[in-house]
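Here is how the chains run, residue by residue.
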Amino acid sequence: MKFFFVFFALWVVASCGEKLPQFSYEPVPYDLGVPFFPDSLNIPKDNPMTVDGVRLGRYLFYDGRLSGNPDKPMSCATCHKQEHSFECGMEQFPDGRPIGNSGKKTPNVMLPFVNLVWNNNGYFWNGFIDKNKGKNIETTVPMAITAPHEMDGHVENAVKMIKKDKFYRELFYKAFGTTEVNIDLISKAIAQFVRSLVSFNSRFDRFMAGEVQLTKSEMRGLMLFTTEGADCFHCHGSPALPLWTTNLFMNNAKDIDFEGQNDRSKVTGNPMDKGKYRVPTLRNIEFTAPYMHDGRFKTLDEVLDFYNNGLRRSPYIDPLSINTNHGGMHLSDRDLADLKAFLLTLSDTAFISDRRFSNPW
Ligand code: HEC
Ligand code: HEC
C-alpha cells in the first residue's frame with residue numbers, strides 16, 4: 001500500500017512536468033466511397049485507413065523535405081503527378097523515366113497510382129513488393145527515400161526534417177495517437193494516402209451505371225476488346241473487372257531476347273517467367289504515356305500498331321496471347337480507331353483533378 005502511494009505520488013509529479021498534448025485522438029474509418037468493386041482490399045491489419053491517417057499521408061506525399069536534403073528537396077509527387085494519374089508524364093522527362101537526386105534515371109518508366117488498394121498480387125512491374133513476402137506500399141517509402149535513382153537520401157535525415165516542423169505534431173497525434181515521428185508512421189500514413197487514390201468515374205463507369213451512352217465507335221471498340229477479335233480482355237480484364245487489369249504477370253510478346261531484363265523471372269527464379277511483367281491497368285491510359293515497362297511506345301497508336309502487327313513468338317509467350325501465332329490481330333484501320341475510341345472512355349478526368357488528392361500545401 002505504502003509502495004503504491006509513493007508510486008502514485010511520483011506519477012502525479014511526472015505527469016505535471018510533461019505537457020499532455022491538447023489534441024484528441026478519435027480515429028474515424030476512411031470511406032473509399034466506391035459503390036462496387038469485385039476484388040478484395042489490400043489493407044494491412046496494422047494500418048487501417050482513417051480520415052486523419054490519409055490526411056497526414058497527403059501532406060507527407062507532397063513534402064519535399066522527405067529527401068532529408070534541404071538543397072535537393074524531392075517528394076513522391078515530384079514523380080507521381082496527379083495530372084498523369086500519378087505517373088511523371090513526358091514534358092519534363094521525354095523518355096518517361098524520371099531522374100533521381102543522384103542524377104540517375106529510374107530503371108523503368110512509371111506505374112500509375114490508381115485503385116492500387118485492390119491489388120493483392122504484388123506491386124512494381126515485376127511484383128517484387130509482395131504482401132506474401134511481408135512487403136507492401138509501406139515498404140516503398142524508405143526505398144524511395146534512399147534509392148539513388150529516387151531521393152538519394154537517408155531515412156534519419158528525412159525523419160529529422162519532418163520532426164522539426166511543429167505543424168506535423170497535431171497531424172501525427174490525430175492520425176496515430178502520438179506526437180512521435182518515425183519512419184514507420186511516416187510510411188503508414190503515406191501508404192494510407194496512396195490507397196485512397198481510387199478512380200471510378202470514367203465515361204465508361206458512367207455508361208455501366210446507365211448514366212451515359214457510348215458512341216457506335218466506342219461500342220464497337222468495346223466488343224473487339226472483350227472478344228477474341230482483339231483479345232485484350234484475357235490480360236486487361238473486362239467490364240466485370242472495373243480495374244481494367246487482372247494484375248497478373250504476362251509476357252505480351254514484344255521480345256524474343258530477354259537478356260538483362262528485370263522481369264518476373266528475377267523475382268520467382270522461374271525461367272518460364274522471362275519477359276513477364278505485371279499487366280498495367282488501362283484506366284486513365286490516355287494520361288500515362290509512354291507505354292510498356294521500358295516506355296518503348298510513345299503513343300496509343302504505336303501500342304495498337306504493335307498488337308496489330310508486331311507480336312513476336314518466343315517459348316515464353318502466354319498461351320492466352322492467342323494472336324501471337326499470326327503476328328498480331330490484323331484488324332482494319334476502322335477497327336483500330338474503334339478500339340482506341342473505347343480505350344479513351346476509360347479516362348477519369350474527375351480523378352486527375354480531384355482536390356482530395358492534390359497538393360495540400
Ligand atoms: C524519382 C521518381 C520517383 C519518386 C521520387 C518516387 N517514385 Fe514511386 N515509382 C517510380 C517509378 C519509376 C516506379 C516504377 C518502378 C518499377 O516498377 O520499376 C515507381 C513505382 C512506385 C510504386 C508501385 C506502383 C505499382 O503499381 O506497382 C509505389 C507504391 C511507389 N512508387 C511509391 C512511391 C512513394 C510512396 C514515393 C514517395 C515516398 C515514391 N514512390 C517516390 C518513381 C518514383
Ligand atoms: C497476354 C496478355 C496481354 C494481352 C492479350 C494484351 N496485353 Fe496489353 N499488356 C500486357 C502486359 C504484360 C503489358 C506490360 C508489358 C511491359 O511493360 O513489358 C501490357 C501493356 C499494355 C499497354 C501499355 C500500358 C502502360 O501503362 O504502359 C497498353 C495500352 C495495352 N497493353 C493495351 C492492350 C490492348 C489494347 C490489347 C488488345 C489489343 C492488349 N493490351 C492485349 C499484357 C497483355
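Caption draft 1: Seen up close, the overall build of the protein. Each helix and strand in the protein was counted, giving 14 helices and two strands. Based on the C-alpha atoms only, the size of the protein along its principal axes is roughly 90 × 50 × 40 Å. Looking at the protein as a whole, 52% of its 361 residues are labelled buried. Long-range contacts, defined as pairs at least 24 residues apart, comprise 68% of the intrachain contacts of the protein with a sequence gap of at least 6. Surface summary for the protein: the accessible area is close to 17800 Å², and the carbon and sulfur share equals 57%. Side-chain charges in the protein split into 41 positive and 42 negative, and the spacing between the mean points of these groups amounts to 5 Å.

Caption draft 2: Spotlight on helix α2 (residues 51–61). Counting buried positions along α2 gives eight out of eleven residues, so the element sits mostly inside the fold. Where α2 is concerned, the buried positions are Asp52, Gly53, Val54, Leu56, Gly57, Tyr59, Leu60 and Phe61. Residues of α2 that are buried sit in contact with α3 (76–79), α5 (155–164), α6 (167–176) and α7 (183–195).

Caption draft 3: Region of interest: the site of ligand 1. Near ligand 1, the surroundings consist of 25 residues, among which Cys76, Cys79, His80, Asn108 and Phe124 are the closest. Interatomic distance of 2.8 Å between a side-chain N/O atom of Asn108 and an oxygen atom of ligand 1. Phe124 has a polar backbone atom sitting 2.6 Å from an oxygen atom of ligand 1. Every element with two or more residues in the shell around ligand 1 is listed here: α3 and α4 (140–146). By residue number, the principal contributor to the shell around ligand 1 is α4, which donates three residues. Its residues assigned to classes, the shell around ligand 1 shows 17 nonpolar, six polar and two charged.

Caption draft 4: Molecular detail of the pattern of salt bridges. Enumeration according to the criterion identifies 17 salt bridges in this entry. For Arg195, the salt bridge goes to Glu138, with nearest N and O atoms at 3.0 Å. Separated by 57 residues along the polypeptide, Arg195 in helix α7 and Glu138 in the loop between α3 and α4 bring together distant segments of the chain. Of the two residues, Arg195 and Glu138, both sit in the buried class. Ionic pairing is found between Asp205 and Arg283, a salt bridge with its closest N-O pair at 2.8 Å.

Caption draft 5: Region of the structure containing unusual backbone geometry. Between Ala289 and the following residue, Pro290, the backbone shows a cis peptide bond with an omega angle of 0 degrees. Tracing the backbone through its elements, the reader meets Pro290 in the loop between β2 (277–278) and α12 (300–309). In this structure, Ser85 is a non-glycine residue whose phi angle is positive, near 55 degrees. Within the secondary structure, Ser85 sits in the loop between α3 and α4. Its identity as a non-glycine residue notwithstanding, His330 has a phi of 50 degrees, on the positive side.

Caption draft 6: A look at the coordination of the iron atom of ligand 1. Of all protein atoms, just one serves as a donor to the iron atom of ligand 1, and that atom is His80 (NE2), at 2.1 Å. Among the secondary structure elements, His80 is positioned in the loop between α3 and α4.

Caption draft 7: Representation of the domain arrangement of the protein within the structure. Assigned domains within the protein: domain 1 (22–199) and domain 2 (203–345). For domain 1 versus domain 2, the separation of C-alpha centres amounts to 28 Å. Of the residues lining the interface, 30 residues belong to domain 1; the matching set on domain 2 comes to 26 residues. Both sides together, the interface formed by domain 1 and domain 2 hides about 2300 Å², and carbon and sulfur atoms give 57% of it. Across the domain 1-domain 2 interface, the total number found is zero salt bridges. Inspection of the domain 1/domain 2 interface yields nine residue pairs in polar contact (both at pLDDT 80 or more).

About the cut-offs
- Residues numbered from 1 in each chain as written.
- Chains lettered and ligands numbered in written order.
- Predicted model: local features only at pLDDT ≥ 70, side-chain atom pairs only at ≥ 80, totals over all residues.
- Heavy atoms only, no water.
- Helix = DSSP H or I, 4+ residues; strand = E, 2+ residues; numbered from the N terminus.
- Buried < 20%, exposed > 50% of the residue type's maximum accessible area, 1.4 Å probe, protein only.
- Contact = heavy atoms within 4.5 Å.
- Areas by Shrake-Rupley, 256 points an atom, 1.4 Å probe, with all protein chains shown as cover.
- Lys, Arg positive; Asp, Glu negative; His and termini not counted.
- Charge placed at Lys NZ, Arg CZ, Asp CG, Glu CD.
- Near = heavy atom within 4 Å.
- Polar contact = N/O pair within 3.5 Å; in protein donor to acceptor, adjacent residues only side chain to side chain.
- Nonpolar A, V, L, I, M, F, W, Y, C, P; charged D, E, K, R; others polar.
- Salt bridge = Lys/Arg side-chain N within 4 Å of Asp/Glu carboxyl O.
- Donors = N, O, S within 2.8 Å, 3.2 Å for Na, K, Ca; no water.
- Domains from an automatic or database assignment.
- Buried area = accessible area lost by both parts, 1.4 Å probe.

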